[in-house]
Amino acid sequence: MTGDGPEHPGTGHLTTAAPRRQGRPPTQERGRRRRQALVRAAAQLLHEGGSVAVTHRAVAHRAHLPLAATTYYFASRDELVAEAFALLVAGELAALRAAATGPDPFGALLSAAQADRPRQIGLWELYVQAGRDPALQQVARAWTDGCGEILAGALGPTGHSPAPDDVRLLAVLLSGLWLQQLVEERPHSAQQARVLLGRALAMLERTD
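What counts, and where the lines are drawn
Residues numbered from 1 in each chain as written. Predicted model: local features only at pLDDT ≥ 70, side-chain atom pairs only at ≥ 80, totals over all residues. Heavy atoms only, no water. Buried < 20%, exposed > 50% of the residue type's maximum accessible area, 1.4 Å probe, protein only. Helix = DSSP H or I, 4+ residues; strand = E, 2+ residues; numbered from the N terminus. Arc of directions from axis to C-beta. Contact = heavy atoms within 4.5 Å. Phe/Tyr/Trp six-rings, centres within 6.5 Å; stacked < 30°, edge-to-face > 60°. Salt bridge = Lys/Arg side-chain N within 4 Å of Asp/Glu carboxyl O. Axes fitted to C-alpha atoms, helices over the stretch in contact; angles between N-to-C directions. Parallel < 35°, antiparallel > 145°, perpendicular 65-115°, else oblique. Left-handed = near helix turned anticlockwise from the far one by under 90°. Nonpolar A, V, L, I, M, F, W, Y, C, P; charged D, E, K, R; others polar. pLDDT = per-residue confidence, 0-100. Expected span 1.5 Å × (residues − 1).

A.B. asks: Can you walk me through helix α2 (residues 56-63) in this structure?
C.D. replies: All buried positions along α2 are accounted for by V59, A60 and A63. Down the axis, α2 shows its buried residues gathered within 95 degrees of arc, on one side only. Exposed side chains of α2 directed beyond 90 degrees from the buried face belong to R57 and H61. Taken together, the buried residues of α2 touch α1 (29-49), α3 (68-73) and α4 (77-99). Where α2 ends, the next residue or the one after it, H64, has phi of about 60 degrees, a positive value.

A.B. asks: Which parts of the structure should I look at to understand the packing of aromatic side chains?
C.D. replies: A ring pair, where both rings are aromatic, is described by two values, the distance of the centres and the angle of the planes. Overall, the coordinates contain four aromatic pairs when judged by the stated rule. Between W124 and W143 the ring centres are 5.0 Å apart and the planes differ by 50 degrees, which places this aromatic pair in the tilted class. Residue W124 is located in helix α6 (residues 117-129), and its partner W143 is located in helix α7 (residues 134-155); the two are separated by 19 residues in the primary sequence. Assessed through its relative accessible area of 10%, W124 is described here as buried. A relative accessible area of 3% means that W143 is categorised as buried. Here Y127 and W143 contribute two aromatic rings whose centre-to-centre distance is 5.7 Å and whose plane-to-plane angle is 85 degrees, an arrangement assigned as edge-to-face. Remark: W143 occurs in helix α7 and Y127 occurs in helix α6; sequence separation between them is 16 residues.

A.B. asks: Is there a simple way to think about the environment of E149 in this case?
C.D. replies: Counting through the fold element by element, E149 comes out in helix α7. Counting along the chain gives 19 residues from E149 to R168, while the straight-line C-alpha distance between them is 9.9 Å.

A.B. asks: Whenever I open this one, the pattern of salt bridges confuses me. Can you help?
C.D. replies: Close approach of charged atoms allows side chains of opposite charge to pair. Here the structure, examined in full by the defined rule, presents seven salt bridges. R35 serves as the salt-bridge partner of E79, at 3.1 Å between the closest nitrogen and oxygen. Note that E79 is positioned in helix α4 and R35 in helix α1, a separation of 44 residues in sequence. By relative accessible area, which is 21% here, E79 ends up partly exposed. Overlapping salt bridges bring together R35, E79 and E83 as one network.

A.B. asks: Sorry, what's going on with the packing of α1 against α2 here?
C.D. replies: Working note: a packed helix pair is described by the angle between its axes plus the distance between those axes. Put simply, α1 and α2 touch, their axes get as near as 8 Å, and they point 115 degrees apart. Considering their axes alone, α1 and α2 lie roughly perpendicular with respect to each other. Remark: the crossing between α1 and α2 carries right-handed chirality. For the pair α1 and α2, the contacting residues are A37, L38, A41, A42, Q44, L45 and E48 in the first and A58, V59, A60, R62 and A63 in the second. Along the lines of polarity and charge, the residues of the contact of α1 with α2 split into nine nonpolar, one polar and two charged.

A.B. asks: What exactly am I supposed to notice about the confidence of the model for the protein chain here?
C.D. replies: On average, residues of the protein chain carry a pLDDT of 81, and 81% of them reach 70 or more. Between the elements of the protein chain, mean pLDDT differs from a low of 78, seen in helix α9 (residues 189-206), to a high of 97, seen in α2. Predicted confidence is poor over residues 1-21, with pLDDT under 50, and the contacts of this stretch with residues over four places away or in other chains come to 26 contacts.

A.B. asks: Can you walk me through α1 in this structure?
C.D. replies: Each α-helix winds once per 3.6 residues, and so residues spaced three or four apart point in a common direction. With 21 residues, α1 should reach 30 Å at 1.5 Å per residue; the first-to-last C-alpha distance of 30 Å fits that figure. Next to the buried residues of α1 lie α2, α3, α4 and α6.

Structure below.
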């Protein structure tokens, strides 16, 4: 048998070919489009309601595909969530890169991470969940590494030559500030975050 196989596995009788392994990327363009639609739908649900919102039924409904498509194109819900997490992280890093190109990159980075609170909650929820899930952990590491690269690039125009430890220090501080603002929503927390980040940058400049 060639192509994606039946749309609804188990509804037909195939005696001349082995069943297609679940979770493997489809080879035909139509199958790839369907798989991508499911990942996008899962990412939207993560954005709106977090991990609990991602069910097979909800994803299929959002993607306008049969319910059986989720188990046909993905070996498990965990695989689908991991790919949706990767899609969200890619979008987040793209937004941060764009923010870091302006005249006030660090202020923009502080603001950009809080621009879409539901998405941020979904991202951080999965980041913590990655401590128990190796598939999510790979995506979490890519997010951390990407943020480090963005910060290193933002430090260049300031005249500071960032050592890896400097970048890590700022990344940890920035992540902590993002998370605190996101969870606690305290008055004036954004202004205080800018002050703390400014102090950290000043300390790094004195150590050059």
